[in-house]
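Residue-level structure breakdown
Residues per chain are reported as follows:
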Amino acid sequence: MKYCKLIVLILLFVLVLSCDESFNPYGDFVERYAFNCILKSDENLQTATLFRSYRPDGFDPFTYTTDPSVFNADIRIWYDDSVFVFKDTSVVRQDTSRYKTPFSFYYNNQFQIGNRKTVELEVLLPNGRRLRSSSFTPSKIDFEDRSDVLVPSGNNNFIQIIWTSFDDGMFFLPKMTIRYNQNVNGRIEEKTKLVPLRYLSQGGESVPVFPTANASLTVVYNINAITRALDEISEGDPLKQNYSIYENLSFSVTAYDLPTTKYISSTGGSIDDLTVSVDVADYTNIEGGFGLFGSYSKKKYNQLRFFQNYIDSFGYNFIVEN
Amino acid sequence: MRFSFFLTLPIKFLIPIIFLGISTFAQQTGNIRGFVVDSTNGEALAFCNVFINELSAGASTNERGLYLIKSIPSGKEYAVSISYVGYRTKTLQVFVRPEKVTQLDVQLVPLSIELQTIEKVGEKIIRENRTDISLERISVKELEILPKGVETDIFRTLQFIPGVSATGDVTAKYYVRGGGGDQNLILLNGIEIYNPFHSLGLFSVIDPDMINNIEFYKGGFTSEYSGRLSSVMDVISKDGNKNRFGLKGAMSFLTAKGLIEGPIPNGSFMITGRKSYNNDVLKKFFDEQTIPIDFYDLSFKVNYSSEDIFENAKFAAFGFISNDDIDYKDPLRERFKWKNNLYGFEWLQVYDVPLFSRLGISLSTFEGEVIPNLSSLKPRKNEVQDFTINFDMNVVYENRDEIGLGIKLKTIDSKFSQTNFVGIESSIEKFAGNLSIYGKYKFLRWKNFGLDAGTRFNVTGLTSGGGGVFEPRVSLTYRFLPWAAFKAAWGIYLQEMITVSDESEIISVFEPWIITPDYIKPSKAIHYNAGIDINVLRGLQISVEGYYKLLQDIPIVNDQKFTVADPDLLPGKGESYGWEFLANYSVDPFNFTASYTLSWAYKEVNGWTYYPKYDTRHAGNVILEFNLGSGWIASAVWNYSSGYPFTQLIGFYDKYFPNNTQNGINESGFIPYAYLGDKNLGRLPAYHRLDLSLIKRLRVLLVNFELGVSAINVYDRKNVFYFNRDTGKTVNMLPFLLTGTLKVEI
């Protein structure tokens, strides 16, 4: 009997402890700022954004609908012995499902970056806080002579373009587009078609796989993907003669600097659906804040052109260029 | 016989050298030696007591059932009592001849299932000077009685031991005294298992039905063990029934399993198999997700012992295969596969003089693979091939002192390849060999003092920094009062095989093993342990143990690896210390155990110190086992730990995702993103739960049945597992769960 009493006492003890405790995963809120700017080599218009952090009432951030843009900040970038001051402006927001106000950003349209130059940033916020960063613009890239120039390339079922760079381990993003004209009711419209690396069959459907930024110094396009892209230009239209394909394909490689490379890498994706990871690396090179201050340099490869017989086989016209 | 003579010649040659200078001290004494086995099946009974009342002297059997009582005054007859938990104590009369070894093999008869009680005759005296600080011995009977979370599991039982912690109900992965999960050595018949888990870490691959005994060192382990920093689990499997053929079958909500055993000429065999057949019950563990987990494990063991070939020798061949597959049967979903294969050969030799030796040859392989199919995942693959030859021998002197010597040659071929998020392929491959030797002296001549002092020496290492390294270790016991003993241990430990496991993953599917890359030094640990064992009353044992552990060059996954040039691993440091209290009171029909641990663990990388995910300040267990009689056994386990660390959520900001930077920064590239506070500075609410179990054993005709029912988390405590910052949802651990098992034995 005394044992029964002991057991009952133990059970009562643990039942008292069994009430659920409330759990609040939030720590003390500290306002932070996120600055984003990727300087470009191929145009003068440089843009940047500046947002403050926020905390919604619950845990769904989409319930927070106050525009977090920070206005009246003094943004300065030092480049090539000059300082460039950014102005704030806004454009009409395309998606107003969350924020109703225009999309705000800062810009400067007086410079574009060159290769291997130091750029420095200082942001003076209206509340007196400062964000700082610096970077080194990417090196020039050169295309190798062994890159393919004709599409198709002999009997090969792929097109390969190879380049070199002084930078090691940086990311590059190749992009190939087919330029063509379409005759729409007698009016010529100039269009482009982005070419995927290859197509994958998923659930009975063919899905294009486009290049993503990575450290490889070469890219290989499957010739079937190029053929498929050419087919898609006039898909469903029996009048193939309304389409004229330019002899030269547009191909470019964007080279990123180190901070942008790291930033892209950190936002790359998930491990798998089963692994539960509670902390995720959040890369930033903004001292005192979040975001990215980086740059890219774009280089075009002008040697790549279609073989006329290949275009003719689709029933398209062929536009010869010098 | 000639062949036998040839093989044992080197050892016979060594013996006189080892005994040089000792024999002159020999008195007119004799020795008693033998094996203690179960009378029904011939299985060795490990750690049972063999005791001579008249002399108040005795010994306990080792993990293979062998004992030796030294320096018994000769020329007379003694009454020798042999006792073991769950067996009828046997007393035999033995005449001890001068300077001879008297062989006394004993078969103990198990108590009937209705009358099983706990007997510990002479235990107090036998334990006088045993250097066994931080060593836990676990019998299969203990495993069977405790509540089962779907399956009986040895790893989950470990979590009741003070100093051992886990991060949740979902994983059986354990952490010992502030050490990482890959710092635990798991040996099955002396062979290393690299991935000892089924079902994403839910269960151990070692089926409890195949186990004879388990030794678990949670620190301060002596020189014969190598390769890990924190703990050693040494599992010895059963030999198989030497008397008759037997068949066992068991079912749980998750698996079905079977065991066949029986005698062969001059030996025995055992074959076991276990297969998952239904994983609906696992939804409770995985937040109601359906995961198509499929696994099996198979093992066999064959023993052979014939006086015609080798006198006093025993040979065993062993094999073990475990295989896991998560296949969604959907080309758009990834597939996970991992498997362990172990094969081993063992030669145990007992010589005429008090010397034992063991030669082991083994191959252990692990393969793990993530097959992306058409999902967006990247392929990952890990292969490890571990070939080991080791030879150990033990000499016992007349004055009860012992010498242990051993040599181990290990070659490891490890391959790890993966493609990261942005398509960069990386590969770490290495083939290396480790030749190590150890020697130790066990000073046991004084009844109230025991010392085990020795060192390992790594002649060559798997890594460039692992060769020419000593690992000295000392363990001692001083019984300063008849009922109280002071115990202490100190040692240096080296680890060169590591897992590339991300600490932020609380459920991890893929944990590849690699040889430590050359850009970081092999990990090193220093253990300091001290404690007191108290046996004031019969049946009551209290132990208090303190520890301090330093970890150096522990590899930590670089969460700031963003480019190819960044290293995968960074060298970190660790420190842990704490106090462990354990009280056990056994009086028929109760067995009551209570434990409490007060501990601290820290890690440091890049100058930043944080609490590892398994750091808990207070942890405790209360276990009550009650033999109700008539084959009914009840048990209750209450488990408590103060909150585990987690990284607090601070707020959100609109993060730029550069899907297409060539269009410039625009409004569509921003997605709300949570930002966190300092790593692991927050604490989850305290964890506690109560589990109950009821077992009924009965015999119908020639068939033994065991029916078990377990109620897990009886009061449905909502223990927080983690906070999912993507969904804003708090994910809890296991809710109330009722499980059952049925065992049939013919």
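Note that the coordinates shown come from a computational prediction; the quantities given were computed from them, not determined experimentally. (Residues numbered from 1 in each chain as written. Chains lettered and ligands numbered in written order. Predicted model: local features only at pLDDT ≥ 70, side-chain atom pairs only at ≥ 80, totals over all residues.)

With that settled, consider the overall build of chain A. Helices and strands together make up the secondary structure of chain A, namely 4 helices and 21 strands. Looking at chain A as a whole, 31% of its 322 residues qualify as buried. If you take every contact in chain A between residues at least 6 apart in sequence, the share linking residues at least 24 apart comes to 67%. (Helix = DSSP H or I, 4+ residues; strand = E, 2+ residues; numbered from the N terminus. Buried ≥ 20, exposed ≤ 12 C-beta atoms within 10 Å, placed from the backbone. Contact = placed C-beta atoms within 7 Å.)

Below, the discussion takes up the overall build of chain B. Looking only at helices and strands, chain B has 4 helices and 49 strands in total. For 746 residues, the compact-globule formula gives about 27 Å, and the C-alpha radius of gyration of chain B, at 27 Å, lands near that figure. Projected onto its principal axes, the C-alpha coordinates of chain B cover approximately 100 × 60 × 50 Å. Burial statistics for chain B: of 746 residues in total, 48% are counted as buried. (Rg over C-alpha atoms; globule rule 2.2 N^0.38 Å.)

On to the interface of chain A and chain B, then. At the junction of the two partners, chain A supplies 69 residues and chain B supplies 62 residues. If you list the elements that add at least two residues to the side of chain A that touches chain B, you get α1 (2–17), β1 (33–39), β2 (46–52), β5 (103–108), β13 (198–202), α3 (258–266), β18 (276–277) and β19 (290–301) of chain A. The greatest single-element share of the side of chain A that touches chain B, amounting to 6 residues, is contributed by α3(A). Here the side of chain A that touches chain B is built from residues that sort into 33 nonpolar, 23 polar and 13 charged. (Nonpolar A, V, L, I, M, F, W, Y, C, P; charged D, E, K, R; others polar.)

A few words now on the sheet that holds strand β13 (residues 191–192) of chain B. All names here are of chain B. Reading across from one edge, β9-β16-β17-β12-β13 is the order of the 5 strands in this open sheet, with mixed pairing throughout. Two strands bound the open sheet, and with one partner strand each, they are β9 (135–139) and β13. In this sheet, strand β16 (residues 211–217) lies alongside β9 in antiparallel orientation, the contact comprising 5 bridges. Following the sheet pairing, leucine 135 is matched in β16 by tyrosine 217. (Pairing = 2+ DSSP bridges.)

By domain assignment, chain A separates into domain 1 (33–137) and domain 2 (141–256 + 300–319). Distance from the C-alpha centre of domain 1 of chain A to the C-alpha centre of domain 2 of chain A: 34 Å. (Domains from an automatic or database assignment.)

As for its position among the elements, B:Ser364 is in strand β24 (residues 355–371). On a C-alpha basis, the gap between B:Ser364 and B:Ile191 in space is 6.9 Å, while along the polypeptide they are 173 residues apart.

Formed by 170 residues in total, the largest nonpolar core has its most connected members in A:Phe35, A:Leu50, B:Val36 and B:Ile69. At 6 residues, β1(A) tops the list of elements feeding residues into this core. Excluding anything up to four places from it in sequence, B:Ile69 contacts B:Asn31, B:Ile32, B:Val50, B:Ile52, B:Ala57, B:Gly58 and B:Ala59. Within the second largest apolar cluster, 20 residues are counted, among which are A:Val151, A:Ile161, A:Val219 and A:Tyr316. (Core = buried A, V, L, I, M, F, W, Y, C linked by C-beta atoms within 7 Å.)

Moving on, we get to the sheet that holds strand β3 (residues 57–60) of chain B. Residue and element names in this part refer to chain B. On the basis of which strands lie adjacent, the open sheet formed by 4 strands has the order β3-β2-β5-β6 and antiparallel pairing. Edge positions in the sheet fall to β3 and β6 (90–96), since each of these pairs with one other strand and no more. Across the sheet, the axes of successive neighbouring strands diverge by a mean angle of 25°, strand direction being ignored. Of the strand pairs in this sheet, strand β5 (residues 76–83) and β6 are connected by 7 bridges, and their pairing is antiparallel. The partner of tyrosine 78 across the bridge, within β6, is valine 94. (Axes fitted to C-alpha atoms, helices over the stretch in contact; angles between N-to-C directions.)

Here the focus is α3(A). Residues and elements named next belong to chain A. The element α3 is extensively covered by neighbouring structure, given that 8 of its 9 residues are classed as buried. Where α3 is concerned, the buried positions are Leu258, Pro259, Thr260, Thr261, Lys262, Tyr263, Ile264 and Ser265. Among the structural elements, β1, β7 (130–136), β17 (250–256) and β19 are those in contact with the buried residues of α3.

Each assigned domain of chain B is listed here: domain 1 (10–126), domain 2 (135–234), domain 3 (235–644 + 684–745) and domain 4 (646–675). Listed per partner, the contact involves 7 residues of domain 1 of chain B and 7 residues of domain 2 of chain B.

In this section: helix α2 (residues 223–233) of chain A. Residues and elements named next belong to chain A. Regarding α2, the residues found buried are Ala225, Ile226 and Leu230. Down the axis of α2, the sector holding all buried residues measures 140°, keeping them to one side. More than 90 degrees from the buried face of α2, the exposed residues found are Asn224 and Asp231. (Arc of directions from axis to C-beta.)

All names here are of chain B. Here lysine 521 lies in the loop between β33 (513–515) and β34 (523–534). In the structure, lysine 521 is positioned 31 residues away from glutamine 552 in sequence and 8.9 Å away in space, judged by C-alpha atoms. Those residues in contact with lysine 521, other than ones at most four positions away along the chain, are Gly465, Asp553 and Pro571.

Turning to the pairing of strand β3 (residues 74–79) of chain A, a few remarks are in order. All names here are of chain A. A one-sided burial pattern is seen for β3, the buried positions being Ile75, Ile77 and Tyr79 and the unburied ones Asp74, Arg76 and Trp78. Here β3 runs beside strand β6 (residues 118–124); their pairing, made up of 6 bridges, is antiparallel. Counterpart to isoleucine 77 in the pairing with β6 is leucine 121. Following β3, the chain reverses through 2 residues before pairing antiparallel with strand β4 (residues 82–91); aspartate 80 in that reversal takes a positive phi of roughly 55°.

All right, on to unusual backbone geometry then. Following A:Val151, the chain continues into A:Pro152 via a peptide bond in cis, with omega recorded as -5°. Relative to the elements of secondary structure, A:Pro152 occurs in the loop between β9 (150–151) and β10 (158–165). Phi at A:Asp80 is positive, roughly 55°, even though this residue is not glycine. Looking at the secondary structure, you find A:Asp80 in the loop between β3 and β4. For A:Asp80, a count of 12 C-beta atoms within 10 Å puts it in the exposed group. Phi is positive for B:Ser630, close to 55°, though the residue is something other than glycine.

Before going further, it helps to examine the environment of B:Gly75. All names here are of chain B. In this structure, glycine 75 sits in the loop between β4 (66–73) and β5. Residue glycine 75 is classed as exposed on the basis of its C-beta count, with 11 C-beta atoms lying within 10 Å. Sequence-wise, glycine 75 and arginine 445 are 370 residues apart; in three dimensions their C-alpha atoms are separated by 22 Å.

It is worth spelling out the pairing of strand β37 (residues 590–605) of chain B at this point. Residue and element names in this part refer to chain B. As judged from the 16 bridges shared by strand β36 (residues 569–587) and β37, these two strands associate in the antiparallel manner. Looking across to β37, one finds that valine 587 is bridged to phenylalanine 590. Remark: 2 residues form the turn of the hairpin made by β36 and β37, two consecutive strands paired antiparallel. Summarising the sheet, β37 and strand β39 (residues 618–629) pair through 9 bridges and their orientation is antiparallel. By the bridge assignment for β39, asparagine 591 is matched with glutamate 625.

Further remarks concern the confidence of the model for chain B. All names here are of chain B. Confidence in the prediction for chain B averages 85 pLDDT; 90% of positions are at 70 or higher. In the model, residues 1–7 has pLDDT below 50 throughout and makes 3 contacts with residues more than four positions away in sequence or in other chains. Under a pLDDT of 50 for its full length, residues 13–26 has, in the predicted model, 10 contacts with residues more than four places off or in other chains. The complex model carries a pTM of 0.85, and its ipTM stands at 0.88. (pLDDT = per-residue confidence, 0-100.)

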